[in-house]
Amino acid sequence: MNVYQFDDERARREEAKKRQEPPRPSQPPVFNLPNVIVWLGGAMIAVHLLRAFILPVGWDNLIIFLFAFWPAKYAAFSSLNAIDLASSLWGFISYSLLHGGAMHIIFNLLWMAIFGSALARRYGAGRFLVFSALCSVGGAFAHLATHWGEAVPMIGASAAVSGQMAGAIRFIFELGGPLGAIRRTDRGAYFVPAQPLSECFRNQQVLVFVAVWFGLNLFFGLMSGPVAGQPASVAWQAHIGGFIAGLALFPIFDPVPRRRL
């Protein structure tokens, strides 16, 4: 057997050995979450750690001034300089990347991991990010309408997460959905057709969830004093604004055809 025949024979035997070996089971992912949730949550954590442990107080105050949502800026909109004018525009979204403390960001990330993940699996990364940004805008408008001219900043992803919750309840409690009375356990659970909004609110699970969610928001929003160790009050109007925006925007972004009645 010459050199070339030997090489051919060795390659043939290695290929036959590979075919006989059983395939190795794939390793489970570190996080059982959509990539967009992991990256978005990581960005929020990175921003918070940068502000809390690296930047000096003066720089952190500048970030709050430029990227938080300030109702006072809109009351004086016509007299703003170029920087304040620009920050008043991107502030409708950028405020959702800032948080007031560890518990603030932890609660938002937990709710996003639950409800945002369901919506991200259905929408895909691009639609999910645009949808979440518009829910942040909806929450900012609701806060602005109820705090016009107030010189107190609003920060946090709660309005966006509230919108994600609103979108998720349109399908997660449906038959075959991930939390339905009769549910699927595969990826198809996130693609069950959503019923019209009027039919959705006839679902007892949806009604109970929405009632509890609204009740908690009103309770923590109206009670006096700090909540969860944070000195600022809960912007419950922004939460409700984001939630309503999520309900309204869901069918516009939904890639799954509607269920026919």
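Residues numbered from 1 in each chain as written. Predicted model: local features only at pLDDT ≥ 70, side-chain atom pairs only at ≥ 80, totals over all residues. Heavy atoms only, no water.

Right, let's talk about the overall build of the chain for a bit. What the chain contains, in helices and strands, is eleven helices and zero strands. Seen in sequence order, the chain has helices and strands lined up from the N terminus as α-α-α-α-α-α-α-α-α-α-α. Going through the 261 residues of the chain one by one, you find that 43% of them count as buried. Partitioning the contacts of the chain with sequence separation of at least 6, the portion at a separation of at least 24 is 77%. As presented, the chain carries roughly 15000 Å² of accessible surface, and 67% of it is formed by carbon and sulfur atoms. (Helix = DSSP H or I, 4+ residues; strand = E, 2+ residues; numbered from the N terminus. Buried < 20%, exposed > 50% of the residue type's maximum accessible area, 1.4 Å probe, protein only. Contact = heavy atoms within 4.5 Å. Areas by Shrake-Rupley, 256 points an atom, 1.4 Å probe, with all protein chains shown as cover.)

Bringing the pattern of salt bridges into the picture now. Under the defined criterion, the tally for this structure stands at three salt bridges. Between Asp 60 and Arg 51 there is a salt bridge, and its shortest N-O distance comes to 2.5 Å. Arg 202 is paired through a salt bridge with Glu 199; the nearest N and O atoms lie 3.1 Å apart. (Salt bridge = Lys/Arg side-chain N within 4 Å of Asp/Glu carboxyl O.)

With 40 residues, the main nonpolar core has Phe 128, Ile 169, Phe 171 and Phe 243 as its most contacted residues. For this core, the secondary structure elements donating two or more residues are helix H2 (35-54), helix H6 (102-123), helix H7 (125-146), helix H8 (158-168), helix H10 (204-222) and helix H11 (236-253). Each residue touching Phe 243, except ones within four places of it in the same chain, is listed here: Ser 162, Gly 163, Met 165, Ala 166, Ile 169, Val 210, Trp 213 and Phe 214. Within the second largest apolar cluster, ten residues are counted, among which are Phe 69, Tyr 95, Ala 140 and Leu 144. (Core = buried A, V, L, I, M, F, W, Y, C linked by side-chain atoms within 4.5 Å.)

For the chain, per-residue confidence averages 84 on the pLDDT scale, and residues scoring 70 or more make up 82% of the total. Here residues 21-30 scores under 50 on pLDDT; set against residues more than four positions off or in separate chains, the count is zero contacts. Residue range residues 224-231 is modelled with pLDDT below 50. Its contacts to residues more than four positions away, or to other chains, number ten contacts. (pLDDT = per-residue confidence, 0-100.)

Here the structure, examined in full by the defined rule, presents 18 aromatic pairs. Ring centres of Trp 213 and Phe 243 lie 4.5 Å apart, and the angle between their planes is 25°; this geometry places the pair in the stacked category. Residue Trp 213 is located in helix H10, and its partner Phe 243 is located in helix H11; the two are separated by 30 residues in the primary sequence. Accessibility classification places Trp 213 together with Phe 243 in one group, the buried group. The interplanar angle of 80° and the centroid separation of 5.6 Å between the aromatic rings of Phe 214 and Phe 243 together place this pair among those described as edge-to-face. Of this pair, Phe 214 sits in helix H10 while Phe 243 sits in helix H11, and the two are 29 residues apart along the sequence. For Phe 214, a relative accessible area of 24% corresponds to the partly exposed category. Residue classification places Phe 243 among the buried positions, given a relative accessible area of 2%. Members of the aromatic cluster, each reached through a chain of ring pairs, are Phe 69, Tyr 74, Phe 92, Tyr 95 and Phe 141. Looking at Lys 73, its charged tip hangs above the ring of Phe 65, at a distance of 4.5 Å from the centre. (Phe/Tyr/Trp six-rings, centres within 6.5 Å; stacked < 30°, edge-to-face > 60°. Lys NZ or Arg CZ within 6 Å of the ring centre and 35° of its normal.)

On the surface, a cluster of nonpolar side chains totalling about 560 Å² of accessible area is made up of Met 103, Ile 106, Phe 107, Leu 110, Trp 111 and Ile 114. Locating Trp 111 in the fold gives a position in helix H6. (Patch = residues over 30% accessible without salt bridge, like charges linked within 9 Å, V, L, I, M, F, W, Y side chains within 5 Å.)

Now for the side chain of Arg 51. One can find Arg 51 in helix H2. Here Asp 60 takes part through its side chain, which lies 2.5 Å from a polar atom of the side chain of Arg 51. Among all residues touching Arg 51, those that are not within four sequence positions of it are Asp 60, Ile 63, Ile 64, Leu 98 and His 99. (Polar contact = N/O pair within 3.5 Å; in protein donor to acceptor, adjacent residues only side chain to side chain.)

One can describe the packing of H8 onto H11 by two numbers: an axis separation of 7 Å at closest approach and a directional angle of 40°. Classified by the interaxial angle, the pair formed by H8 and H11 is oblique. Where H8 crosses over H11, the handedness of that crossing is right-handed. Here H8 contributes Ser 158, Ala 159, Ser 162, Gly 163, Met 165, Ala 166 and Gly 167 to the contact with H11, which in turn contributes Ala 238, His 239, Gly 242, Phe 243, Gly 246, Leu 247 and Phe 250. (Axes fitted to C-alpha atoms, helices over the stretch in contact; angles between N-to-C directions. Parallel < 35°, antiparallel > 145°, perpendicular 65-115°, else oblique. Left-handed = near helix turned anticlockwise from the far one by under 90°.)

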